[in-house]
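Geometric and topological summary
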Amino acid sequence: MSGGMVSHGVWRRMTAGRGGVISLLYIGSIVFACFCGPFLLPFGPTSIDLHHRFLPPLAHGHVLGTDEIGRDLLARVLRGGRVSLIVGVVSTVLSSLIGTVVGIVAGYRPGGTRFLITTVIDTVLCFPVIFLLLTLAAILHPGLVTIVGIVTLVSWMEVARVAQAQTVLVRQMDYVTAVMAMGAPDRQILFREILPNIAPAIIVSATLNIARAILLESYVSYLGYGIQPPEASWGNLLNNAQEYLESDPWLAVIPGFVIALTVAMFNVLGAALREAIAPGRRA
Amino acid sequence: MTGPVPPDPVPLLSLRGLSKTYLRRDGLLTRPRAVAAARDVTLDIARGEVLGIVGESGSGKSTVGRMAMRLLEPTAGAVHLDGADITHLSEQALRPLRHKMQMIFQDPSASLNPRQSIRQILTTPLRLRGVAGADATQEMLETLALVGLGPDVLGRAPSTFSGGQRQRLSIARALLMKPELIVADEAVSALDVCVQAQIVNLFRHLRDRFNLSILFIGHDLAVVGVISDRIAVMYRGTLVEIAPTEQLFRRPRHPYTARLLSAEPRRGVLSAPAPPATPAGQHAPDGCVFSARCPHAADACRTRQPALAPVAPGHRAACIRTDLDLEGILPHSN
């Protein structure tokens, strides 16, 4: 079928470029490491060992060293990565669903509906995200579900905008007009004709959104309103580490580096996807 | 002489004084200016008739086609389908009638959904008509055969077809709705000459076989002339002349039609729009739309737009210079 042929071409073009290959390899490895790694390590992420506090990397079998109560940093980074990746992916899936529905409706229905939706989007975009996050986090009980909800709430607008712009473009294509002229119901026009044609752009936008969501989770957890210790996340590892920045810098440098690298790789993946889906065109 | 189509008491499609006006704002502080894409267009199409609309790009011919299909809301005027006024029907009320009118578009690369296989594309109209299963496949194959394509196309993606094949597929999709009228909006303009002829022949065949009415919109008078029973000539949103094809070719009554007929290099072809004598929009605002470019313009032409008036049986023209003996491309009869 055509769908298969299309995605086959996308995969081939993705893996033809350096960016696509590197980002896919990295993301594959980090996902594997975060979800399977903790079971392969001799140290649990919460097992305290007061005899081996502040070990530097590679000492006593602790590849990345230990923290202030002797917990293995590698185990905690991987465990934290699990939380960060879950938050990034789950909130992106949710916000992409919301954004797609909102954007597609706004793009398909000119006039009052579109005006209302774009006004809401612009209003939400005007809020300074960090303060909104912190306010919400301060009111709500912190935890995984809360943080996913909060990140979703502040990140659906980007996808909505992409979906709206693409819908406006695709809606006026002749093949959509042809189906309208058959008297097809709106639902059919939206889901069978328009959605498959805007999906690539939404996927690209969603990939980039994962990077943003991971970063947002790190912010909030770093500031202490997100994932609560002893549960680890990349953000609260940094929070923990700031007291020991001078004496034991690896506690901050390593999680910081992993966050930066992961965010960068999701961005590279998004760019490669965009290039692979619509070569030479903006997606 | 093949006489004009006998007047039908109730034409299949009747456009009554259709106008489309856009408001254009030139600057932030200037008053919006009304730009007429189509002005007071009145046309009838009988059952089984092919009516051509010719005009250069921007003449409003596609606007008329889309308003006829109710894909574009007219600013004024009415659309009657089968004697019923459908101008103000809601989209909901219009849906059951939509199948009667189907459209073929100019750009073959944009007229088929690139994310669907041909089978999916052709299933859409069948499903809307409630045809499914073996009946659907049967009808799909019959229709494909009708437009000259085999069953092997069903599994393929639109991108694997040539422009002419895609137009055939668009026509098949339209036919599967069992329409009574097809609006072909520059349907052959993007194709090369040889393929154009094939598609035009296909339209003619379909008209003969199903007694289809076709509104055939184009900029090439030679091509439109081959298929049309009657031709309507549009210039800058205004219908300036309408006549049976042969009569129009033999004895045009509007100077713009005469100019189209004599256009170089090929007779009847508008290879490129001739540069206007005065910049667009510069003709006297109340005068005849063609007055600025017309070699026969009189003073009266600059003061009012003449209405479309009968000049011969079945022949109407919007020109006050009825005294002119304009040259056609067929010898005068009688």
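Residues numbered from 1 in each chain as written. Chains lettered and ligands numbered in written order. Predicted model: local features only at pLDDT ≥ 70, side-chain atom pairs only at ≥ 80, totals over all residues. Heavy atoms only, no water.

Moving on, we come to the overall build of chain B. Along chain B, the regular secondary structure elements total 9 helices and 12 strands. A sequence separation of at least 24 residues applies to 66% of the contacts in chain B between residues at least 6 apart. Accessible area for chain B stands at about 14,700 Å²; split by element, carbon and sulfur atoms hold 54% of it. (Helix = DSSP H or I, 4+ residues; strand = E, 2+ residues; numbered from the N terminus. Contact = heavy atoms within 4.5 Å. Areas by Shrake-Rupley, 256 points an atom, 1.4 Å probe, with all protein chains shown as cover.)

Below, the discussion takes up the pattern of salt bridges. Residue and element names in this part refer to chain B. Within the structure shown, the criterion is met by 22 salt bridges over all chains. With a closest N to O distance of 2.5 Å, Glu49 and Arg230 form a salt bridge. Taken together, the residues Glu49 in the loop between β2 (33-45) and β3 (50-54) and Arg230 in strand β9 (residues 230-235) connect sequence positions 181 residues apart. The same class applies to Glu49 and to Arg230, which are both buried. For Arg250, the salt bridge identified is with Glu246, shortest N-O distance 2.4 Å. Here Arg250 pairs with Glu246, and both are found in helix α8 (residues 245-250), just 4 residues apart, close to one helical turn. (Salt bridge = Lys/Arg side-chain N within 4 Å of Asp/Glu carboxyl O. Buried < 20%, exposed > 50% of the residue type's maximum accessible area, 1.4 Å probe, protein only.)

This next bit is on the UniProt feature "domain: ABC transmembrane type-1" (unreviewed entry) in chain A. Look at the UniProt record and you will see "domain: ABC transmembrane type-1" (unreviewed entry) annotated at residues 81-270 of chain A. Across residues 81-270 of chain A, helical content stands at 81% and strand content at 0%; the span's end C-alpha atoms are separated by 20 Å. (UniProt positions renumbered as here; feature names shortened; annotations may be inferred.)

Bringing helix α6 (residues 144-153) of chain A into the picture now. Those residues of α6 of chain A lying buried are Thr146, Ile147, Val148, Ile150, Val151 and Thr152 of chain A. At its buried positions, α6 of chain A is contacted by α3 (73-108), α5 (129-139), α7 (156-171) and α9 (186-222) of chain A.

Right, let's talk about the packing of aromatic side chains for a bit. Residues and elements named next belong to chain B. Scanning the model with the defined rule gives 4 aromatic pairs over all chains in all. Residues Phe203 and Phe216 carry aromatic rings whose centres are separated by 5.7 Å and whose planes lie at 85° to one another, so their mutual orientation is edge-to-face. Taken together, the residues Phe203 in helix α6 (residues 193-210) and Phe216 in strand β8 (residues 213-218) connect sequence positions 13 residues apart. Side by side, Phe203 and Phe216 carry an identical accessibility label, which is buried. Each ring, one from Tyr235 and one from Tyr256, has its centre 4.5 Å from the other, and the planes form 50°; the classification is tilted. Taken as a pair, Tyr235 in strand β9 and Tyr256 in helix α9 (residues 255-262) lie far apart in primary sequence, 21 residues in all. (Phe/Tyr/Trp six-rings, centres within 6.5 Å; stacked < 30°, edge-to-face > 60°.)

Looking now at the UniProt feature "transmembrane region" (unreviewed entry) in chain A. The sites that UniProt annotates as "transmembrane region" (unreviewed entry) are residues 21-41, 83-108, 115-138, 144-163, 194-215 and 250-273 of chain A. A helix fraction of 100% and a strand fraction of 0% characterise residues 83-108 of chain A, whose end C-alpha atoms lie 37 Å from each other.

Looking now at the interface of chain A and chain B. Residue-level contacts link 23 residues of chain A with 25 residues of chain B. Both sides together, the interface formed by chain A and chain B hides about 2,300 Å², and carbon and sulfur atoms give 57% of it. On the chain A side of the contact with chain B, Asp174, Met182 and Arg192 of chain A bury the most area, a combined 29% of that side's loss. One can count 2 salt bridges joining chain A with chain B. The shortest N-O distance in the salt bridge between Arg66 of chain B and Asp174 of chain A comes to 3.8 Å. There are 8 residue pairs in polar contact (both at pLDDT 80 or more) connecting chain A and chain B. Going through the elements one at a time, α1 (2-16), α8 (174-181) and α9 of chain A are the ones with two or more residues in the side of chain A that touches chain B. (Buried area = accessible area lost by both parts, 1.4 Å probe. Polar contact = N/O pair within 3.5 Å; in protein donor to acceptor, adjacent residues only side chain to side chain.)

A few words on the side chain of Ser14 of chain B. Residue and element names in this part refer to chain B. With respect to the helices and strands, Ser14 occurs in strand β1 (residues 13-24). Here Asp44 takes part through its side chain, which lies 2.9 Å from a polar atom of the side chain of Ser14. Other than its neighbours up to four places away in sequence, Ser14 contacts Leu43, Asp44, Ala78, Val79 and His80.

What follows is about the UniProt feature "domain: ABC transporter" (unreviewed entry) in chain B. UniProt marks residues 23-261 of chain B with the feature "domain: ABC transporter" (unreviewed entry), using the numbering shown here. End C-alpha to end C-alpha, residues 23-261 of chain B measures 33 Å, and it is 38% helix and 23% strand.

On to the nonpolar core, then. Ranked by size, the top nonpolar core spans 56 residues in total, and within it Ile171, Phe203 and Phe216 of chain B carry the most contacts. Ranked by the residues each element gives to this core, the list is headed by α6 of chain B, at 6 residues. Not counting residues up to four positions away in its chain, the partners in contact with Phe216 of chain B are Val50, Leu51, Gly52, Ile53, Ala184, Val188, Val200, Phe203, Val223, Val224, Ile227 and Ser228 of chain B. Formed by 36 residues, the second largest nonpolar core is a distinct cluster that contains Tyr26, Ile210, Ala252 and Ile254 of chain A. (Core = buried A, V, L, I, M, F, W, Y, C linked by side-chain atoms within 4.5 Å.)

Residue and element names in this part refer to chain B. A large share of β8 lies buried, amounting to 6 of its 6 residues. Because side chains alternate across β8, one face comprises the buried residues Ser213, Leu215 and Ile217, and the other comprises Ile214, Phe216 and Gly218, equally buried. Across 5 bridges, β3 lies against β8 in parallel orientation. Its bridge partner being in β8, Ile53 is matched across the sheet by Ile217. As judged from the 5 bridges shared by strand β7 (residues 181-185) and β8, these two strands associate in the parallel manner. Among the inter-strand pairings, Val183 is bridged to a residue of β8, identified as Leu215. With α6 bridging β7 and its parallel neighbour β8, the resulting β-α-β unit is right-handed. (Pairing = 2+ DSSP bridges. Right-handed = clockwise from strand over helix to strand, strands pointing away.)

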